[in-house]
Amino acid sequence: MFTGIVEEIGTISNLKRGVHSATLTIKAKKILEDIHIGDSICVNGVCLTATSYTPTTFCADIMHETLNRSSFQTLSIGDSVNLERAMSANGRFGGHFVSGHIDCIGRISSVQKDDNAVVYAVEPSKNISRFIVEKGSIAIDGISLTVTKVTDSTLSISAIPHTIRETVLSQKRIGDMVNLEVDVIGKFVEKLLYPDRHQASSEQSSSITLSFLWENGF
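What you see is a predicted model, and the numbers here were worked out from it, not measured in a lab.

Chemist: Just checking my understanding: could you explain the UniProt feature "repeat: Lumazine-binding" (unreviewed entry) in the protein for this structure?
Modeler: As recorded in UniProt, the feature "repeat: Lumazine-binding" (unreviewed entry) lies at residues 1-96 and 97-193. Strand forms 42% of residues 1-96 and helix 6%; the C-alpha atoms that close the span are 10 Å apart. This span, residues 97-193, is 16% helix and 43% strand, and a straight line between its end C-alpha atoms measures 21 Å.

Chemist: What is the right way to read the nonpolar core from this model?
Modeler: Most often, soluble globular proteins have nonpolar side chains that are buried together. Grouped together as the largest cluster of nonpolar side chains are 23 residues, with contacts concentrated most on Leu24, Val43, Phe58, Phe72 and Leu83. Elements supplying a minimum of two residues to this core: strand S1 (8-17), strand S2 (22-27), strand S3 (40-43), strand S4 (46-53), strand S5 (57-62) and strand S6 (80-85). Once residues lying within four places of it in the same chain are set aside, the contact partners of Val43 are Ile26, Leu48, Phe58, Phe72, Val81, Asn82 and Leu83. Counting residues in hydrophobic clusters, the runner-up holds 22 residues, among them Ile140, Ile143, Val178 and Leu180.

Chemist: What exactly am I supposed to notice about the environment of Val111 here?
Modeler: Its place among the elements puts Val111 in strand S7 (residues 104-114). Assessed through its relative accessible area of 33%, Val111 is described here as partly exposed. When the C-alpha atoms of Val111 and Val122 are compared, they prove to be 9.2 Å apart, with 11 residues separating the residues in sequence. With sequence-adjacent residues up to four places away left out, Val111 is seen in contact with Val118, Val119, Tyr120 and Ile174.

Chemist: Hey, could you run me through the sheet that holds S6 in this one?
Modeler: Through backbone hydrogen bonds, the strands of a sheet pair up, either in parallel or in antiparallel fashion. With antiparallel pairing, the 6 strands of this closed barrel are ordered in space as S1-S2-S5-S4-S3-S6. Along the sheet, successive strands turn relative to each other by an average axial angle of 45°, direction set aside. Pairing between S3 and S6: 3 bridges, direction antiparallel. Across the sheet, the residue bridging to Val43 is Leu83, located in S6.

Definitions and limits used
- Residues numbered from 1 in each chain as written.
- Predicted model: local features only at pLDDT ≥ 70, side-chain atom pairs only at ≥ 80, totals over all residues.
- Heavy atoms only, no water.
- UniProt positions renumbered as here; feature names shortened; annotations may be inferred.
- Helix = DSSP H or I, 4+ residues; strand = E, 2+ residues; numbered from the N terminus.
- Core = buried A, V, L, I, M, F, W, Y, C linked by side-chain atoms within 4.5 Å.
- Buried < 20%, exposed > 50% of the residue type's maximum accessible area, 1.4 Å probe, protein only.
- Contact = heavy atoms within 4.5 Å.
- Pairing = 2+ DSSP bridges.
- Axes fitted to C-alpha atoms, helices over the stretch in contact; angles between N-to-C directions.

Laid out in structure tokens, this is it:
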């Protein structure tokens, strides 16, 4: 589990592609201060497992499913990536629950200055709008961000200078692809309320209703 608070920007130093897989080597500094083989590291919003490391790099394997779901299919040597280690139990929870499991790829459709901030509009590649609410949270390339606007085809976020400077947002342009992960709580609530949406044939309907959630303080 991650928080969406990016710790540093890493650089792809090597990329080996298979038929339906890949192996990444990422150059980093802070991430390597406390790393072990098997650790989970969030790379541009995707939870990857460190398979080996050196004093300056770590490696991670990417399987077929991950390539299909994420913007990793467009990565090249020299590209910058957001990095975050798994959250520790004694740390501050500065962002929101980020699982590192990508829901879809989005495309940046506009980038506009708004005084000291920059507003990014993103078009998701599939309909995830039912999970997105204004002033709710979303992870874009692993960055915990607040949704400022939702339309039928786009979602918008506003980023402050610090966030832009400390993440790969500073390098994003119109047309670039980004990884999107919606707030996981919304997905769990939907499955409890509407199990048939996730299971074609359900013999038993959920006893969880909106009234039940309201009565129990949700």
